[in-house]
Amino acid sequence: MKRTLLWIMVATAPGLVACGADRGEDPAPREISMSQVATLGEPGADFSPHFATQIALWTPAGDTGFVLSQTYEDGYVHVYDPDGRIIRRIGGAGEGPGELGGMDPMVVGAAGDRLLVGSQFAPRLTTFTPDGADPVIEAYQGGTFGIQGLRDGRALLLPGATGKGPVFYSSDGSFEALQVPDSLRPEERGGYVVGPASSALAWLAVSRGGTFATIDSDGVVAPRFSIPIEPEEFDALPGIIAVAEEDGLLWVAMTIRRAELAPGTPFSLQVLDSVFDTRIAVLDPIDGAQVAQFDDPRALQRVSTESGLLLSHPWETEFGDTRIDVIRPELRTGNAR
């Protein structure tokens, strides 16, 4: 059996470590850089993004929009353009058809040209289409902590407060539970993270244990490999917050707990950035060998996207409102991307 030798290079930039695997040739050093994609929110706007919002990338009719699950307006999700302007308000403050006032905290995701809005607790999933047709409302018992669109038009709903496991949701309104082995079921809710890796497979990660699995077209989950997660770093929240595939590599974003939260400490931007960091790792999807790593001092969150990895970082302006940066990690070899 051929042995795989790992090599590590510590770069001059703080927090940057590039890794690679020797497979019979000399690998070139790879580094991760971060580039700004958009800043959501603008001075003087009627509504500011909530710092704890979920963000989905929605591209109806080819126009890129960032959909925020929470802003400081009850019952609505807002669609922002890359320049930070609100270009569409969806929903309403009530609890009728198409209204989202009874679905707090909301969860958003895109599947093809459809926008899906669910709730962590409410047994309802609402689908909006770009043509402005009446929204489709489905009963979904258990709620969802996340919605991930797949390239075949389906969506994966990650289990909510009372859900038992991830569920496929198809455009015809049908639901199908995934066949997840007992060994991969996390002990805590919200322990699943999912991201598509190809037209046929989707990646699923069990956050607490760092175990990766693939989902085949029949909805069967099979374990592939695990990445090391130190218990002392991940003893507060599930460590993995995002999984994505790009250029044949698997990207993983992990939140690292740096200090103990004092009892009664409020959940705020200051707490996020003082207690949590983010680690981004690039892995070989065949065997999990690490190609590159980047440690970011900010507590970045996930932006749901069908391919590639986008992360978001909220911050407060001097005027007290909130902006959210959307950031793309990029892999470079030497001076080339």
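Here, every reference points to the structure presented above.
Residues numbered from 1 in each chain as written. Predicted model: local features only at pLDDT ≥ 70, side-chain atom pairs only at ≥ 80, totals over all residues. Heavy atoms only, no water.

Under the criterion given, the structure shown has 10 salt bridges. Residue Asp83 pairs with Arg85 through a salt bridge whose shortest N-O separation is 3.5 Å. With relative accessibility at 56%, the residue Asp83 sits in the exposed group. Of the charged contacts, one joins Arg323 and Asp321 as a salt bridge, the two residues approaching to 2.9 Å between their closest N and O atoms. In terms of burial, Arg323 and Asp321 fall into one category: buried. Connected through salt bridges with shared partners, the residues Asp81, Asp83 and Arg85 form a single ionic network. (Salt bridge = Lys/Arg side-chain N within 4 Å of Asp/Glu carboxyl O. Buried < 20%, exposed > 50% of the residue type's maximum accessible area, 1.4 Å probe, protein only.)

Moving on, we come to the environment of Val136. As for its position among the elements, Val136 is in strand S11 (residues 136–139). Setting aside residues up to four positions removed in sequence, Val136 forms contacts with Leu125, Thr126 and Thr127. (Helix = DSSP H or I, 4+ residues; strand = E, 2+ residues; numbered from the N terminus. Contact = heavy atoms within 4.5 Å.)

Moving on to the environment of Pro97. Within the secondary structure, Pro97 sits in the loop between strand S7 (86–91) and strand S8 (106–111). Placed 40 residues apart in sequence, Pro97 and Ile137 show a C-alpha to C-alpha distance of 7.3 Å.

Spatially, S12-S13-S14-S15 is the arrangement adopted by the four strands of the open sheet, whose pairing is antiparallel. The sheet is open, and its two edges are formed by strand S12 (144–149) and strand S15 (175–177), each paired on a single side. Looking at each pair of strands side by side, their axes are set apart by 25 degrees on average, direction ignored. With three bridges connecting them, strand S14 (residues 167–169) and S15 associate as antiparallel partners. Its bridge partner being in S15, Tyr169 is matched across the sheet by Phe175. (Pairing = 2+ DSSP bridges. Axes fitted to C-alpha atoms, helices over the stretch in contact; angles between N-to-C directions.)

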